[in-house]
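Per-entry structural report
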Amino acid sequence: MSRTVLGLLVCLLLMLAGCGVEWLPTEGNTLEPTPAAITFTPKLCQTAATLVESADVEVTSVSSQATVKIDIGEYSLDKGVTWFSTSSFVTPTADQKLTIRVRHTTATVPVNNTQSEIVFTKLTVGNTVGIFYSSINVGQTSCR
């Protein structure tokens, strides 16, 4: 009897899988707000292996509580007093704004040009992504 029940469950699962059931959604979470674009000014020609932080960025149109995530580095919601490296839920101000800054450690000096000179930090607020990046000066005459 248990093989029959197991067989029926497998058949049911296969039928559901073929009926357009979305098991792993690929689009943004519809429960999360979609704030306006997040634009960071890059930090160029920095010293290798040092901590750099962005200027404060005002994220607008945050219509409800949003998840804030970062993939490399840390973010601050209080002008750099407190830093977070893990996801958190954040409630916007009454005017639907958040003020955020990020920081990360710059790249190390490349060995035979086999390592990257640029570090990218991806910050996600709700369904909106912003990228902060830094480059290091490795002795070239004009830094990019």
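Right above here is the structure, for reference.
Note that the structure is predicted; figures quoted are calculated from it, not measured.

The rules behind these values
Residues numbered from 1 in each chain as written. Predicted model: local features only at pLDDT ≥ 70, side-chain atom pairs only at ≥ 80, totals over all residues. Heavy atoms only, no water. Pairing = 2+ DSSP bridges. Helix = DSSP H or I, 4+ residues; strand = E, 2+ residues; numbered from the N terminus. Phe/Tyr/Trp six-rings, centres within 6.5 Å; stacked < 30°, edge-to-face > 60°. Buried < 20%, exposed > 50% of the residue type's maximum accessible area, 1.4 Å probe, protein only. Core = buried A, V, L, I, M, F, W, Y, C linked by side-chain atoms within 4.5 Å. Contact = heavy atoms within 4.5 Å. Axes fitted to C-alpha atoms, helices over the stretch in contact; angles between N-to-C directions. Patch = residues over 30% accessible without salt bridge, like charges linked within 9 Å, V, L, I, M, F, W, Y side chains within 5 Å. Areas by Shrake-Rupley, 256 points an atom, 1.4 Å probe, with all protein chains shown as cover. Salt bridge = Lys/Arg side-chain N within 4 Å of Asp/Glu carboxyl O.

Here the focus is the pairing of strand β8 (residues 118–125). Two elements, strand β4 (residues 66–70) and β8, share 3 bridges in a ladder whose sense is antiparallel. Note on β8: the bridge partner recorded for K69 is T124. By the bridge criterion, 8 bridges tie β8 to strand β9 (residues 128–136) in an arrangement that is antiparallel. Bridge assignment links I118 to a residue of β9, and that residue is S135. The antiparallel hairpin formed by β8 and β9 contains 2 residues in its connecting segment, where G126 sits at a positive phi of about 60 degrees.

Looking now at the packing of aromatic side chains. Per the counting criterion, the structure on display carries 3 aromatic pairs. For the pair F40 and F132, a centre-to-centre distance of 6.0 Å together with 65 degrees between the ring planes defines the contact as edge-to-face. Highlighted residues: F40 in the loop between α1 (2–17) and β1 (43–46) and F132 in strand β9, separated in sequence by 92 residues. Given the relative accessible area of 0%, F132 is considered buried.

Next up on the list: the nonpolar core. Counting residues in hydrophobic clusters, the biggest one holds 17 residues, and the most contacted among them are I100, V102, L123 and V125. Those elements that place two or more of their residues in this core are β3 (57–59), β4, β7 (98–105) and β8. Among all residues touching V102, those that are not within four sequence positions of it are F40, V52, E53, S54, I70, E74, Y75, W83, L123 and F132.

In spatial order, the strands read β1-β9-β8-β4-β6; together these 5 strands make up an open sheet with mixed pairing. The open sheet has two free edges, formed respectively by β1 and β6 (88–90), since each of these has just one partner strand. Within the sheet, the average angular offset between the axes of one strand and its neighbour, ignoring direction, is 25 degrees.

Residues F120, V129 and I131 make up a contiguous nonpolar surface patch of roughly 260 Å² in combined accessible area. Checked against the element boundaries, F120 lands in strand β8. According to the relative accessible area criterion, F120 is partly exposed, its value standing at 45%.

Function cannot be read off these values alone, since they describe shape.
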